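# Observations on chain architecture
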Amino acid sequence: MIRINTFRRHLRQYPSPEGEKLLRAAVQHVRQITQKIREDKWLEWCATFNAHTSLSELWRKLRIVTGKLPRASAHPQPLQEATRLAKHFAERLSSAQLPPEIRLHLQQVQLEREEMVIHAIEQTDTTD
């Protein structure tokens, strides 16, 4: 196919009736070869079936060929992997990973915030 594309580019630059005939013949030849390969592969696949092939296996293979089989998951145990990754993420985000002075500052800020919320709750609004 690469040679055909190269020949097409060459033919655009230097057009000739003889070159066009050669290109058409080459493209037709490539299509015939491709069709023969597809047919051989199809017959090879069909040869995997015999009298002992179960009906479920037959339908499964047909679904694979038609593309109607659901895709396999990217991981053999996706739920366990997702749980493991979530735990790892939570551990990395934990404030226990921070230096002690930053954790102390965060605790103080948290206490101040709680006091502000409690104070706001206890105040009566003018619209009440």
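Residues numbered from 1 in each chain as written. Predicted model: local features only at pLDDT ≥ 70, side-chain atom pairs only at ≥ 80, totals over all residues. Heavy atoms only, no water.

The name given to the chain in an unreviewed UniProt entry is Putative pol-like 33, with Homarus americanus as the source organism.

## Thoughts on the overall build of the chain
Within the chain, the secondary structure is distributed over five helices and zero strands. In terms of overall size, the chain is more extended than a compact globule, its C-alpha atoms giving a radius of gyration of 35 Å where 128 residues would be expected to give roughly 14 Å. Projected onto its principal axes, the C-alpha positions of the chain cover 95 × 60 × 45 Å. Taken across its 128 residues, the chain has 5% of its residues classed as buried. Split by element, the accessible area of the chain, about 12,200 Å² in all, is 59% carbon and sulfur. Separation of charge centres in the chain, based on 20 positive and 15 negative side chains, amounts to 23 Å. (Helix = DSSP H or I, 4+ residues; strand = E, 2+ residues; numbered from the N terminus. Rg over C-alpha atoms; globule rule 2.2 N^0.38 Å. Buried < 20%, exposed > 50% of the residue type's maximum accessible area, 1.4 Å probe, protein only. Areas by Shrake-Rupley, 256 points an atom, 1.4 Å probe, with all protein chains shown as cover. Lys, Arg positive; Asp, Glu negative; His and termini not counted. Charge placed at Lys NZ, Arg CZ, Asp CG, Glu CD.)

## Quick look at the pattern of salt bridges
Where charged atoms from two side chains of opposite charge approach closely, those side chains can pair. Applying the stated criterion across every chain yields a total of three salt bridges. For Lys36, the salt bridge is made with Asp40, and the minimal N-O distance between the two is 3.1 Å. Of the two residues, Lys36 and Asp40 both sit in helix H2 (residues 17-46), four residues apart, roughly one turn of that helix. Of the residues examined, Lys36 reaches a relative accessible area of 46% and is grouped as partly exposed. (Salt bridge = Lys/Arg side-chain N within 4 Å of Asp/Glu carboxyl O.)

## Considering the packing of aromatic side chains
The relative placement of two aromatic rings is captured by the distance of their centres and the angle of their planes. Here the structure, examined in full by the defined rule, presents two aromatic pairs. Between Trp45 and Phe49 the ring centres are 4.9 Å apart and the planes differ by 85°, which places this aromatic pair in the edge-to-face class. Its relative accessible area of 22% is what places Trp45 among the partly exposed residues. By way of ring pairs, the aromatic residues Trp42, Trp45 and Phe49 are connected into one cluster. (Phe/Tyr/Trp six-rings, centres within 6.5 Å; stacked < 30°, edge-to-face > 60°.)

## Observations regarding H2
Taking 1.5 Å per residue, 30 residues should reach 44 Å; H2 reaches 43 Å between its end C-alpha atoms and fits that length. Listing the buried residues of H2 in full gives Gly19, Leu23 and Val27. For H2, the secondary structure elements touched by its buried residues are helix H1 (2-13). (Expected span 1.5 Å × (residues − 1). Contact = heavy atoms within 4.5 Å.)

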